Amino acid sequence: MEPQSQDLKTAPFLTLGRFHISEDYGFLLPNPLKELPDHYRPWMEIANRLPHLIGSHQLRAQVNEVLPRTLALPLVEVSRNLGLPPILLHSDVVLANWATRNPGRPLEIRNLDPIVLFPGGESLRGFILVTVLVEKAAVPGIKALVQAVNAVLLPSPDSLLQALQQLRLSIKDITRALGQMHVVFWNLSLDSWTSTKAVLSTDYVDPDIFYAVIRIFFSGWKDNPAMPAGLLYEGVSKEPLHYSGASAAQSTVLHAFDEFLGVRHSKESADFLHRMRDYMPPSHRAFIEEIHSAPSLRDHILSSGNSQLLTAYNQCVEALAALRSYHLAMVTKYLITAAPKAKGRKTSHLPGPPQALEERGTGGTAVVRFLKSVRDKTIEAILHQSG
């Protein structure tokens, strides 16, 4: 039996490489392309000028007044090849939309740029780049999750305890990274990374700009009262199609953590979250499914009678609940509190969001109710030692 034990230790159940997940960057795409081959140069020229073209109402003129067909056909074909819906996704806006200014420097706000932008100015830059840093902060947690799953299979209580402790720290780092929406350097358009001319701001992502400008481009056309009929993809379908907009719920990170920790959401929330998995790269979806099929961590801890493991597990759940509480507070600031301000003044030359979008997330949810529900169900996952 000893040779089998050795084989199990050298061939762990779960590895990141099987799912095209980077050991260094997690779900982020390492080194995304800044330019496409020359054949696609007209697309890149338009993409690089999107903020100006949209703001000056010139976009349709740039594509010869046939925007739906000329974009719908290639978009659907490329999306099918990637296994993704043909709409702007979290993977487009964040995972594959970042570049370092100086590859030798750390991944931090002042050393990052988005590759493609649309209207929203510095607030959009901040929103994208902080979300990139949130994904990066999750990397140790993703690796800890893999270690923990394999530790349950071996079994190895010491390795599992170490992995749970690392997961808790990673979740706390994610919360800190998310906090950079509030306090970071305001001016990212500096000539050099080492410049000292940056001005510190308490609101790097301006709530008014996010609410009235940025959110429009993430809204999608499913469960969106502003577009109840969906969107017609000319040359693709004779009937309008319905797709949800880019959303944090399309990030694989918290889905993976929920499956691993055994967090069970309400039917309404679970249905929405499972639908968001269709908007993830296929290999990331497969990673979640693999974790779901692994032995139950909760059952393993309860049956082990190991109080250290139970405490470490509960600390992970508490950290995840705290992250969700913080996210809820941010959404309240950037969506609920910003709504009446947007009604009172114009924050951009662009029209503000339709009234139908008020208090809804970009994925189409009634966002506050949804976030409270997932937070509360996370708290309910805390284990109590039997007996």
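Quick caveat: nothing in here was measured; it's all calculated off a predicted structure.

Peer 1: Describe the overall build of the chain, naming the residues involved and giving the relevant values.
Peer 2: Check the secondary structure of the chain and you find 17 helices and four strands. Within the span of the chain, comprising 387 residues, buried residues form 48% of the whole. Sequence separation of at least 24 residues holds for 75% of the intrachain contacts in the chain that already meet a minimum separation of 6. Split by element, the accessible area of the chain, about 19100 Å² in all, is 55% carbon and sulfur.

Peer 1: Outline helix H14 (residues 297-304), listing residues and values.
Peer 2: Between the side-chain oxygen of the N-cap and the backbone nitrogen of Arg298 there are 3.4 Å, and the N-cap of H14 in question is Ser296. Positive backbone phi, approximately 70 degrees, marks Gly305, located one or two places after H14.

Peer 1: Outline a nonpolar patch on the surface, listing residues and values.
Peer 2: Taken together, the side chains of Leu33, Leu36, Tyr40, Trp43 and Leu71 present a nonpolar region at the surface, about 470 Å² in accessible area. By relative accessible area, which is 37% here, Leu36 ends up partly exposed.

Peer 1: Break down the confidence of the model for the chain for me, citing the residues and quoting the values.
Peer 2: With 80% of its residues at a pLDDT of 70 or more, the chain shows a mean pLDDT of 82. Every residue in residues 1-11 scores below 50 in pLDDT, and together they form three contacts with partners more than four places removed in sequence or on other chains. This model gives residues 359-365 a pLDDT under 50, and the stretch forms 30 contacts once residues within four places in sequence are excluded.

Peer 1: Residue-level account of the nonpolar core, with values.
Peer 2: Residues Leu145, Leu164, Phe260, Leu261, Phe287, Leu297 and Tyr313 are the most contacted members of the largest nonpolar core, which totals 73 residues. Per element, the largest residue contribution to this core is 11 residues, and it comes from helix H15 (residues 307-336). Not counting chain neighbours up to four residues away, the residues in contact with Leu261 comprise Leu167, Leu297, Arg298, Tyr313, Cys316, Val317 and Leu320. Ranked by size, the runner-up nonpolar core spans 21 residues in total, among them Leu84, Tyr233, Tyr279 and Phe370.

Peer 1: Could you give me a rundown of the pattern of salt bridges, with the residues and numbers involved?
Peer 2: This structure, assessed with the given rule, holds 14 salt bridges. One salt bridge in this structure joins Asp113 and Arg125, with 2.4 Å as the shortest N-O distance. Of the two residues, Asp113 is situated in strand S2 (residues 112-113) and Arg125 in helix H7 (residues 121-137); the sequence distance between them amounts to 12 residues. The class for Asp113 is partly exposed, based on a relative accessible area of 22%. Looking at Arg125, the relative accessible area reads 11%, which means it is buried. Two residues, Asp271 and Lys267, come together in a salt bridge whose shortest N-O distance is 2.8 Å. Of this pair, Asp271 and Lys267 are both found in helix H12 (residues 267-276), four residues apart, which corresponds to roughly one turn of the helix. Connected through shared salt-bridge partners, Arg101, Asp113, Glu122 and Arg125 make up one network.

Peer 1: Talk me through the packing of aromatic side chains; I want residue IDs and the actual numbers.
Peer 2: Any aromatic ring pair is given by two values, namely how distant the centres are and how the planes are angled relative to each other. Evaluated as defined, the whole model comprises 10 aromatic pairs. Both rings, one in Phe210 and one in Tyr334, keep their centres 5.9 Å apart while their planes meet at 85 degrees; by these two values the pair is edge-to-face. A residue pair is termed long-range when its members are at least 10 positions apart, and Phe210 in helix H10 (residues 207-212) and Tyr334 in helix H15 qualify at 124 residues. Across the pair, Tyr334 and Phe210 agree in class, each one buried. Arranged with centres 5.2 Å apart and planes meeting at 80 degrees, the rings of Phe272 and Phe370 form a pair that is edge-to-face. Pair noted here: Phe272 is in helix H12 and Phe370 is in helix H17 (residues 367-379), with a separation of 98 residues, a long-range link. Under the relative-accessibility criterion, Phe272 is labelled buried at 8%.

The rules behind each value
- Residues numbered from 1 in each chain as written.
- Predicted model: local features only at pLDDT ≥ 70, side-chain atom pairs only at ≥ 80, totals over all residues.
- Heavy atoms only, no water.
- Helix = DSSP H or I, 4+ residues; strand = E, 2+ residues; numbered from the N terminus.
- Buried < 20%, exposed > 50% of the residue type's maximum accessible area, 1.4 Å probe, protein only.
- Contact = heavy atoms within 4.5 Å.
- Areas by Shrake-Rupley, 256 points an atom, 1.4 Å probe, with all protein chains shown as cover.
- Polar contact = N/O pair within 3.5 Å; in protein donor to acceptor, adjacent residues only side chain to side chain.
- Patch = residues over 30% accessible without salt bridge, like charges linked within 9 Å, V, L, I, M, F, W, Y side chains within 5 Å.
- Salt bridge = Lys/Arg side-chain N within 4 Å of Asp/Glu carboxyl O.
- pLDDT = per-residue confidence, 0-100.
- Core = buried A, V, L, I, M, F, W, Y, C linked by side-chain atoms within 4.5 Å.
- Phe/Tyr/Trp six-rings, centres within 6.5 Å; stacked < 30°, edge-to-face > 60°.

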